[in-house]
Amino acid sequence: LASLRSDLAGSEEEKANKVEDLNGVIRGLEKKLDDTRSNLNHTSRSLEQAKASMRKQTNVVKRYMTDFIHSMRMEKEGLMSDVQKGLLEEKAEISRRLKGIAQ
């Protein structure tokens, strides 16, 4: 404050010049503030777009994973069915052989 008081001491023209200088500083700060607001708004919009894109990508990955898991289950069921058929065929063959041996 002492520095400001000494700066304001002087002729009316000096005071007017200092006030004009301060107004220029204030205008510069206001411009920087407006630029910062604009940048923040742009960044916020970009982040919202990125979030939406990530949600879409996540949904696509979930859909692919669900389809993949379903196809793996179907393949497993098919393999289990094949194994069961094979076991039944083997059992029938062993039964036939045992009957042949028993006779």
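In case you missed it, the structure is sitting above this.
Describing the overall build of the chain
For step 1, the next point in the chain: Broken down by element type, the chain carries 2 helices and 0 strands.
For step 2, the next point in the chain: Compactness check: the chain gives a C-alpha radius of gyration of 42 Å against a globular reference of 13 Å for 103 residues, more than 25% above the reference.
For step 3, the next point in the chain: Burial statistics for the chain: of 103 residues in total, 0% are counted as buried.
For step 4, the next point in the chain: On the chain, roughly 9,500 Å² of surface is accessible, and the fraction owed to carbon and sulfur atoms is 59%.
For step 5, the next point in the chain: Each charge class in the chain can be summarised by its mean position, and for the 20 positive and 17 negative side chains these summaries are 11 Å apart.

A few points about the pattern of salt bridges
For step 1, the next point in the chain: Scanning all chains against the criterion turns up 6 salt bridges.
For step 2, the next point in the chain: A salt bridge links Asp34 to Arg37, with the shortest nitrogen-to-oxygen separation between them at 3.4 Å. Taken together, the positions of Asp34 and Arg37, both in helix α2 (residues 12–102) and 3 residues apart, correspond to about one turn of that helix.
For step 3, the next point in the chain: A residue is classified by how much of its surface remains accessible, and Arg37, at 45% relative accessible area, is partly exposed.
For step 4, the next point in the chain: One salt bridge connects Glu93 with Arg96, and the closest N-O pair in it is separated by 2.9 Å. Remark: Arg96 and Glu93 occur in helix α2; sequence separation between them is 3 residues, near one turn of the helix.
For step 5, the next point in the chain: Residue classification places Glu93 among the partly exposed positions, given a relative accessible area of 30%.
For step 6, the next point in the chain: Salt bridges linked by common partners bring Glu93, Arg96 and Arg97 together as one network.

Observations concerning the environment of Val25
For step 1, the next point in the chain: Mapping Val25 onto the fold places it in helix α2.
For step 2, the next point in the chain: Distance in space between the C-alpha atoms of Val25 and Lys51 is 38 Å, their sequence separation being 26 residues.

Let's talk about a nonpolar patch on the surface
For step 1, the next point in the chain: Judged by side-chain polarity, Val61, Met65, Phe68, Ile69 and Met72 come together as a nonpolar surface patch covering roughly 440 Å² of accessible area.
For step 2, the next point in the chain: Mapping Val61 onto the fold places it in helix α2.
For step 3, the next point in the chain: Assessed through its relative accessible area of 47%, Val61 is described here as partly exposed.

Conventions adopted
Residues numbered from 1 in each chain as written. Predicted model: local features only at pLDDT ≥ 70, side-chain atom pairs only at ≥ 80, totals over all residues. Heavy atoms only, no water. Helix = DSSP H or I, 4+ residues; strand = E, 2+ residues; numbered from the N terminus. Rg over C-alpha atoms; globule rule 2.2 N^0.38 Å. Buried < 20%, exposed > 50% of the residue type's maximum accessible area, 1.4 Å probe, protein only. Areas by Shrake-Rupley, 256 points an atom, 1.4 Å probe, with all protein chains shown as cover. Lys, Arg positive; Asp, Glu negative; His and termini not counted. Charge placed at Lys NZ, Arg CZ, Asp CG, Glu CD. Salt bridge = Lys/Arg side-chain N within 4 Å of Asp/Glu carboxyl O. Patch = residues over 30% accessible without salt bridge, like charges linked within 9 Å, V, L, I, M, F, W, Y side chains within 5 Å.

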